[in-house]
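Next come the chains, spelled out residue by residue.
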Amino acid sequence: MATSARRPPQLRGRVFRGSRAVARGLLTRGELRSRAWRPVFRDVYADAQLTISHRTRCQAAARWVIPPGAVIAGRSAAALFGAGFSGDADPLDVLVPAGLRFGPVAGLVVHTGEITEDDVLSHAGMPVTTPLRTCWDLAQWLDVEEATVVVDRLLRQRLVRADQLRELTDRRRGARGWKRLLRVAQLADPGAESAQESRLRVRIVLAGLPRPVTQFVVERDGRFIARVDLAWPELKIAVEYDGLWHDDPQQLHRDRRRLNRLLGEDWIVLHVTAKRLRDDFDGFLAELRQALRTRTRTR
C-alpha cells in the first residue's frame, strides 16, 4: 500500500532536516518517502510543492550539509551574485579548507584549498567566496573558455574590476595556478551581453585571430548607425551572434534593418548561430580569416 502524502502545516513550503521532523513527531520515516516531500541532500527534504532553485539548494547546503569553515564557491558563488549560469539541478561548488576531510556528497562538487578571511563574505546568511576569490577558483576549476564566460559576467555587473583581476594575478605570480588566472584575466571583457557572445569571442582569440572590440558603436558624423557584438573597427568587419531571440519576427526585422545600414557604410558583417558555433566553428573561422586578410590588403 502506498504511503499517504500527509503534509503537516509546520513543514509546508519549507526545506527541513528529515531526522528533526521525525524526532518532533511531525513525520514518520515512511512518510518522508511519500510524494509530499522531495529529497534535496541526505537527511534534507523539501515540500514537493516548493520550487527548488540553485539558491535554495545552496541555502540548504550551507545550513545543514557543509562543515564549519567550508564555503559556497565557484559557479555556485557566481550564481548567488546573479552572475552565473548554474541550473536548478546542477551540482553545487563547495570549497573546503585544506586538511579538512569532507565528502563525497551527492549533489556537491567538493574542492579543497587554502581559504583566508578576506576570501569569504556572508551572502544572505551563507558563507560564500568573494567575487574576486571566485574568479581565482573559476580559473582553476574550469577550462579557460567557461571560466572566462563567468568572469565576463562578474565584470559586466561590476562585482569585480579588471584592475582587481590584474592585481590578484600579480600577487599570486609564481603560485600554482596563477597562469590560468592570467589567461582568463587577459581574455575577460565586460562587454559581452551573453554567455554565447563570450564563448564566441574567446574562441576567436584562442584561434590566434586579433582580439575584437565588444559592443562597438558605428557612427557617421556623430549620428548613431548601429551597435555590433564584435568588431574590428579599423577594418570595418563585424561579427553578430544570432541567438534564440531571432525567432521573434519583429526583432529579426529590426536587426536586419540595422545591419543593412552597416552594409551601406561598407562594413562586412558575418553571422554566427548557435548551431554553427557548435558544429561548424572552423568553417566560420575560415570565413573570418578571409575577411580579415582581404580588408588588411585593401587598407
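The structure under discussion appears in the preceding block.
What comes next concerns the included structure.

So, how was this worked out
- Residues numbered from 1 in each chain as written.
- Predicted model: local features only at pLDDT ≥ 70, side-chain atom pairs only at ≥ 80, totals over all residues.
- Heavy atoms only, no water.
- Pairing = 2+ DSSP bridges.
- Helix = DSSP H or I, 4+ residues; strand = E, 2+ residues; numbered from the N terminus.
- Axes fitted to C-alpha atoms, helices over the stretch in contact; angles between N-to-C directions.
- Contact = heavy atoms within 4.5 Å.
- Core = buried A, V, L, I, M, F, W, Y, C linked by side-chain atoms within 4.5 Å.
- Buried < 20%, exposed > 50% of the residue type's maximum accessible area, 1.4 Å probe, protein only.
- Parallel < 35°, antiparallel > 145°, perpendicular 65-115°, else oblique.
- Nonpolar A, V, L, I, M, F, W, Y, C, P; charged D, E, K, R; others polar.
- Left-handed = near helix turned anticlockwise from the far one by under 90°.

## Thoughts on the sheet that holds strand 9 (residues 213-220)
Note on sheets: strands pair through backbone hydrogen bonds, and any given pair is parallel or antiparallel.
Here comes step 1: Read from one edge to the other, the open sheet built from four strands follows the order 9-10-11-12, with strand pairing classed as mixed. Strands with a single pairing partner mark the edges of an open sheet, and in this sheet they are strand 9 and strand 12 (268-273). For this sheet, the mean angle separating the axes of adjacent strands, direction not counted, is 45°.
Here comes step 2: Alignment of strand 9 against strand 10 (residues 223-232), held across seven bridges, turns out to be antiparallel. Each bridged residue has a counterpart across the sheet, and for Val213 the counterpart in strand 10 is Ala231.
Here comes step 3: Helix-sheet contacts for helix 9 (residues 195-206) involve strand 9, strand 10, strand 11 (237-242) and strand 12, and the interaxial angle to strand 10 is about 60°.
Here comes step 4: Here helix 12 (residues 281-298) sits on the sheet in contact with strand 10, strand 11 and strand 12, set at roughly 170° to strand 12.

## Structural notes on the nonpolar core
Here comes step 1: Formed by 22 residues in total, the largest nonpolar core has its most connected members in Phe41, Val44, Ile72, Val94, Leu108 and Val128.
Here comes step 2: At four residues, helix 3 (residues 54-65) tops the list of elements feeding residues into this core.
Here comes step 3: Each residue touching Val128, except ones within four places of it in the same chain, is listed here: Val71, Ile72, Ala77, Leu80, Phe81, Asp119, Val120, Leu121 and His123.

## Topic: the environment of Val228
Here comes step 1: Of note, Val228 is situated in strand 10.
Here comes step 2: Distance in space between the C-alpha atoms of Val228 and Val239 is 7.1 Å, their sequence separation being eleven residues.

## Section: the packing of helix 5 (residues 131-141) against helix 8 (residues 178-187)
Here comes step 1: Between helix 5 and helix 8, whose axes approach to 8 Å, the crossing angle comes to 105°. It follows from the interaxial angle that helix 5 and helix 8 lie roughly perpendicular. From helix 5, Cys135, Trp136, Ala139 and Gln140 reach across to helix 8, where they touch Trp178, Arg180, Leu181 and Val184.
Here comes step 2: A class-by-class count of the residues in the contact of helix 5 with helix 8 yields six nonpolar, one polar and one charged.

## Looking at the packing of helix 6 (residues 144-156) against helix 9
Between two packed helices, both the angle of their axes relative to each other and the distance between the axes serve to describe the pair.
Here comes step 1: Contact geometry for helix 6 and helix 9: axes closest at 9 Å, N-to-C directions at 130°. Here helix 6 is positioned oblique relative to helix 9, judged by the angle of their axes. Every pair of crossing elements has a handedness; the one defined by helix 6 and helix 9 is right-handed. Residues Val144, Glu145, Glu146, Thr148, Val149 and Asp152 of helix 6 pack against Ala195, Ser198, Arg199, Arg201, Val202, Arg203 and Leu206 of helix 9.
Here comes step 2: For the contact of helix 6 with helix 9, the class distribution of residues is five nonpolar, two polar and six charged.

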